[in-house]
Amino acid sequence: TMLMRVARSVAESTKVEWLEDQLFPRLSSVSSGGATDGATITVATGEGAYFRADDIVRNAKTGVAVRVKTVSGDVLTPTNALGRVAFAAHSASDQLLITGNASAQGATLGTRKVTKRVAQYNYTQIIRSPYGFTRSLMASKLYGGPVPMKERKKKAVEHKRAIEYTLFWGTRALDTSGSEPNGQAGGLYEFVTSLVKNAAGALTKALLDTYMRDFLQHNGQNIVLFVSPVVAQAISGFLRDAWTPNTVDARLWGAKVDGFISGAYGFRIPVVVKRDWNDFSTASGQYGGWAFNVSMDDVELPMLRSTDLLRDRQENSADSYDEEYLTETSIKVKQESHFGIITGVTG
């Protein structure tokens, strides 16, 4: 239940809202044009908004550098080629890097550009785990000890599992068709869409390194990789080629992997194995072959009602005794680009 240990906050209502922001874009791509020196360049749809007059732009394929004179929609009017690289035609899909803006001496402020914050939201979900017994059963002396105490412990585990599954795979929805609204909290699966990698088979060292390079690009170092046992088995298998028999006990074989060191960025990411995911199938991309890269600094649990054990929940006239665990919570994914999902691992 490690995901339940992230920062908590108080939910103000059944709808949880926050603003998602990011740094201003510095990469674009050529759509067409730029076949002659100083000719207009059309960038990908909507990416003209990334540019302003006097931006210095370099084509990453050809090395050609220009200064933007004007911007009209997605069409840039550049200067002739600048610097040591002679002009070469800009081709579709070439990447354009905005290195910075060069203002003239004594110039005015220029065009102001800011990113638009995106309003995000989720709903709180009431998660209940009820259980109960007849008074006759409670009065009976049963092998194994009192029934309520045993069931209470088991239901606590089941309740925590229900919360955790909601945090990973919950669906964001609000049903208002009944007499009272029914809110459902969306989990990571509902929010993380940009970095979803489908291994579609065996997870190799090269695949994992490539996936993690993308996952960790914009992150700090407070990252956890939650993996199914199949994914954990694949990662531990990376060490088999380098395995040496234990000199103390030659019968000991295998490797326990509890962390991943990024070859691209050089810091360690804990690997947490979710053992009960072994019940899930790996066929056709099902959850048995999944892993979640979670930025622990960018996820938060707003609690409208913290987990509580509620006793004496039976009807007044019932010859029974009922209890339940109840939690009303949600999840905030504050920066979607800091998360990633690996699917489709079969071995």
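Since the model is a prediction, treat every value here as computed from it, not as a measurement.

Trainee: Any details on the sheet that holds strand 17 (residues 291-295)? Residues and values, ideally.
Mentor: The sheet built from 6 strands is open, its strands ordered 13-21-17-14-16-15 with mixed pairing. If you trace the sheet from one side to the other, it starts and ends with strand 13 (196-201) and strand 15 (259-261), each paired once. Strand-to-strand twist in this sheet, taken as the mean axis angle between neighbours without regard to direction, amounts to 20°. Set on the sheet, helix 4 (residues 205-215) makes contact with strand 13, strand 14 (223-227), strand 15, strand 16 (268-273), strand 17 and strand 21 (340-345); between it and strand 13 the angle comes to about 170°. On the sheet, helix 5 (residues 229-237) packs against strand 14, strand 16, strand 17 and strand 21 and is oriented at approximately 110° with respect to strand 14.

Trainee: Please provide a residue-by-residue account of helix 5, values included.
Mentor: For helix 5, the buried fraction is high: 8 of the 9 residues fall into the buried class. Inspection of helix 5 places Pro-229, Val-230, Val-231, Ala-232, Ala-234, Ile-235, Ser-236 and Gly-237 among the buried residues, and these make up the whole buried set. Of the surrounding secondary structure, the elements contacted by the buried residues of helix 5 are helix 4, strand 14, strand 16, strand 17 and strand 21.

Trainee: Any chance you could break down the nonpolar core for me, citing the residues and the numbers?
Mentor: Membership of the largest hydrophobic core comes to 29 residues, with the highest contact counts inside it found for Leu-3, Phe-168, Leu-188, Phe-226, Phe-292 and Val-294. Mapped onto this core, the elements with two or more residues apiece are strand 2 (15-20), helix 2 (147-169), helix 3 (188-191), strand 14, strand 17 and strand 18 (299-310). Considering every element that reaches this core, the biggest residue donor is helix 2, with 4 residues. Once you skip the residues sitting within four places of it in the chain, Leu-3 turns out to touch Glu-164, Leu-167, Phe-168, Leu-188, Phe-226, Val-294 and Leu-301. Leu-195, Phe-215, Ala-232 and Phe-267 belong to the second-largest nonpolar core, a separate cluster that totals 25 residues.

Trainee: Summarise the packing of aromatic side chains; cite the residues concerned and give the values.
Mentor: Tallied over the entire structure, the rule returns 20 aromatic pairs. Between Phe-168 and Trp-169, the ring centres sit 5.8 Å apart and the planes meet at 45°, which makes this aromatic pair tilted. Ring centres of Trp-290 and Phe-292 lie 5.9 Å apart, and the angle between their planes is 45°; this geometry places the pair in the tilted category. Accessibility assignment for this pair places Trp-290 and Phe-292 in one class, buried. Connected via pairs of aromatic rings, a cluster forms that spans Tyr-165, Phe-168, Trp-169, Tyr-189, Phe-226, Trp-277, Phe-280, Tyr-287, Trp-290 and Phe-292. The cationic tip of Lys-15 hangs over the ring face of Tyr-121; the distance from NZ or CZ to the ring centre is 4.8 Å. We note Arg-172 situated over the ring of Tyr-121; from NZ or CZ to the ring centre the distance is 3.9 Å.

Trainee: Let's hear about the sheet that holds strand 7 (residues 75-78): which residues, and what values?
Mentor: The antiparallel closed barrel is built from 6 strands, whose spatial order is 3-4-7-6-5-8. Each strand of the sheet is rotated relative to its neighbour by a mean of 45°, with strand direction disregarded. With 4 bridges joining them, strand 6 (residues 65-72) and strand 7 adopt antiparallel strand pairing. Bridge pairing in strand 7 links Thr-70 to Thr-77.

Trainee: Kindly report on unusual backbone geometry, identifying the contributing residues and their values.
Mentor: You will see that Asp-54, though not glycine, has its phi angle at about 80°, which is positive. Here Asp-54 shows up in the loop between strand 4 (41-43) and strand 5 (55-59). Unlike most non-glycine residues, Ser-284 shows phi in positive territory, near 55°. The residue Ser-284 is located in the loop between strand 16 and strand 17 in this model. Given a relative accessible area of 79%, Ser-284 falls into the exposed group.

Trainee: Talk me through the pattern of salt bridges; I want residue IDs and the actual numbers.
Mentor: Enumeration according to the criterion identifies 16 salt bridges in this entry. Glu-151 is paired through a salt bridge with Lys-155; the nearest N and O atoms lie 3.0 Å apart. Placement of the pair is Glu-151 and Lys-155 together in helix 2, with a separation of 4 residues, close to one helical turn. You can call Glu-151 buried: its relative accessible area is 17%. Judged by its relative accessible area of 14%, Lys-155 is buried. Between Glu-323 and Arg-152 there is a salt bridge; the shortest N-O distance is 2.8 Å. Within this pair, whereas Glu-323 is found in strand 19 (residues 320-329), its partner Arg-152 is found in helix 2, the two being separated by 171 residues in sequence. Bridged by salt links that share partners, the residues Glu-151, Lys-154, Lys-155 and Glu-158 form one connected network.

About the cut-offs
- Residues numbered from 1 in each chain as written.
- Predicted model: local features only at pLDDT ≥ 70, side-chain atom pairs only at ≥ 80, totals over all residues.
- Heavy atoms only, no water.
- Pairing = 2+ DSSP bridges.
- Helix = DSSP H or I, 4+ residues; strand = E, 2+ residues; numbered from the N terminus.
- Axes fitted to C-alpha atoms, helices over the stretch in contact; angles between N-to-C directions.
- Contact = heavy atoms within 4.5 Å.
- Buried < 20%, exposed > 50% of the residue type's maximum accessible area, 1.4 Å probe, protein only.
- Core = buried A, V, L, I, M, F, W, Y, C linked by side-chain atoms within 4.5 Å.
- Phe/Tyr/Trp six-rings, centres within 6.5 Å; stacked < 30°, edge-to-face > 60°.
- Lys NZ or Arg CZ within 6 Å of the ring centre and 35° of its normal.
- Salt bridge = Lys/Arg side-chain N within 4 Å of Asp/Glu carboxyl O.

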